[in-house]
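# Coordinates in review
The chain contents come next:
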Amino acid sequence: TCPGRTQTASTMPSVIIQLALSERPTTTKPVELPLPLARDDLLAAARKKYRGLAKQSRIFDAVSGQELTDDVVELTAGKSGLTVIFSGKAGWERADRLRAQQERIEQRCPPVPECEHQELDADTSANTREEEAHCQSEETPGRVERCETRSSSGAESQYFSSLLVDGRWPDKLVTAAQSTRADGVVLFWKDTQRNGYLSNWARSPFEIDGIRYSCCEQWIMAKKARACYRDAGSALKLAEALQAIMASTDPQEHKRLGRSLDIDRRAWSMTAKQHVQLRGARAKFGQSVELAERLLMTGHKRIGEASPSDAVFGIGIAPSDPRAQDPQKWKGTNLSGAALMIVRDELREAIHNVADPRLSPKND
């Protein structure tokens, strides 16, 4: 529980999971789920993403190959984060090879003495505290908060409440939410090119915690500075970095300033980047009807940031490269595209869940 705050049963930390089918394990679909991670939640999320997926489907950790049979599951992080594979009764063919590989690794490693186990546990606890510390509140210095929380009910609506007009969704959003486009992919890279509105560099003002940002790039670099200079001894560096980042409205300058920071890789981890990107995307598309409409109109297509030089936020391939048209050939983690697809799904679900007569069957 965060100091000075009460954690209620309806609020909990969350994590981004990549879902895939055993026949197409490299084609993933991202979802955000609450922690602790429940097997039933994984299956329910997958059945929303994949029509026809059976309730009896088997679930595997994509990194370790272990079958997930417990009610509460733990996953092994890979290069692309946390990924699970769903299969039929026959199971996932590659799982046996992954488990055998893990066993060979364990056999080659000598057992760790008990005293070293204790030291490792202490280090792990410290890492966990540092991981939480990167989400330091922007309102109150020194207060530690989780980056992302998810309500067990109505979570999607809370992110997009500013889009409502007199408690109703604008007609254009209701129409856009019905888009079923699924063939092909939606690629973006530079904000001046096709689909540039999806880029973190696109000028799209929004507010988070009372602070106004000119674009997602500014938000991400400001959070990066807060993560890397979170200890008391770095207060001056943090103030100088934030002043420079917030004084500029040029995303190229934001990126340059972000690269000049003293990186703390524990604080600015892949998980931290995922949460910051997702929160920025929610604010960007949750505070603009026009942007929300354009995002919804992409239907159910895969979205990828086709940056050839970025294999973390992007797919590591240029939009002109033929491989960019096939998600199975993408080389990057695609944090940006994954966040956009999560926001799109959340927005669509929020629109369909709100009691709105335009979404009900018409009376003859």
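Quick caveat: nothing in here was measured; it's all calculated off a predicted structure. (Residues numbered from 1 in each chain as written. Predicted model: local features only at pLDDT ≥ 70, side-chain atom pairs only at ≥ 80, totals over all residues. Heavy atoms only, no water.)

A few words on the packing of aromatic side chains. Per the stated rule, a full pass over the model turns up four aromatic pairs. Ring plane angle 80° and centroid distance 6.1 Å describe the contact between Y159 and F160, whose orientation is recorded as edge-to-face. F160 shares its class with Y159; the two are buried. Seen from the ring of W189, K190 lies directly overhead, with NZ or CZ sitting 4.8 Å from the centre. (Phe/Tyr/Trp six-rings, centres within 6.5 Å; stacked < 30°, edge-to-face > 60°. Buried < 20%, exposed > 50% of the residue type's maximum accessible area, 1.4 Å probe, protein only. Lys NZ or Arg CZ within 6 Å of the ring centre and 35° of its normal.)

Between two packed helices, the angle of one axis relative to the other and the distance separating the axes together describe the packing. Packing of helix α9 (residues 270–286) against helix α11 (residues 335–353) leaves a shortest axis separation of 9 Å and a crossing angle of 45°. Overall, the two elements α9 and α11 adopt an arrangement that is oblique. The handedness of the crossing between α9 and α11 comes out as right-handed. Taken together, the residues of α11 that come into contact with α9 (itself represented by M270, K273, Q274, Q277, L278, A281, R282 and F285) are L335, S336, A339, L340, I342, V343 and E346. When grouped by side-chain class, the residues that make up the contact of α9 with α11 number nine nonpolar, three polar and three charged. (Axes fitted to C-alpha atoms, helices over the stretch in contact; angles between N-to-C directions. Helix = DSSP H or I, 4+ residues; strand = E, 2+ residues; numbered from the N terminus. Parallel < 35°, antiparallel > 145°, perpendicular 65-115°, else oblique. Left-handed = near helix turned anticlockwise from the far one by under 90°. Contact = heavy atoms within 4.5 Å. Nonpolar A, V, L, I, M, F, W, Y, C, P; charged D, E, K, R; others polar.)

Turning our attention to the side chain of R230. Considering the arrangement of structural elements, one finds R230 in the loop between α6 (216–228) and α7 (235–247). Take R230: its relative accessible area is 15%, and that puts it in the buried class. Here the side chain of R230 touches D264 through a polar contact of 2.5 Å, side chain to side chain. (Polar contact = N/O pair within 3.5 Å; in protein donor to acceptor, adjacent residues only side chain to side chain.)

One pass over the structure, following the stated rule, counts zero disulfides. The thiol of C215 is unpaired, and the distance to the nearest cysteine sulfur, on C216, comes to 7.3 Å. Residue classification places C215 among the buried residues on the basis of a relative accessible area of 0%. (Disulfide = S-S within 2.5 Å.)

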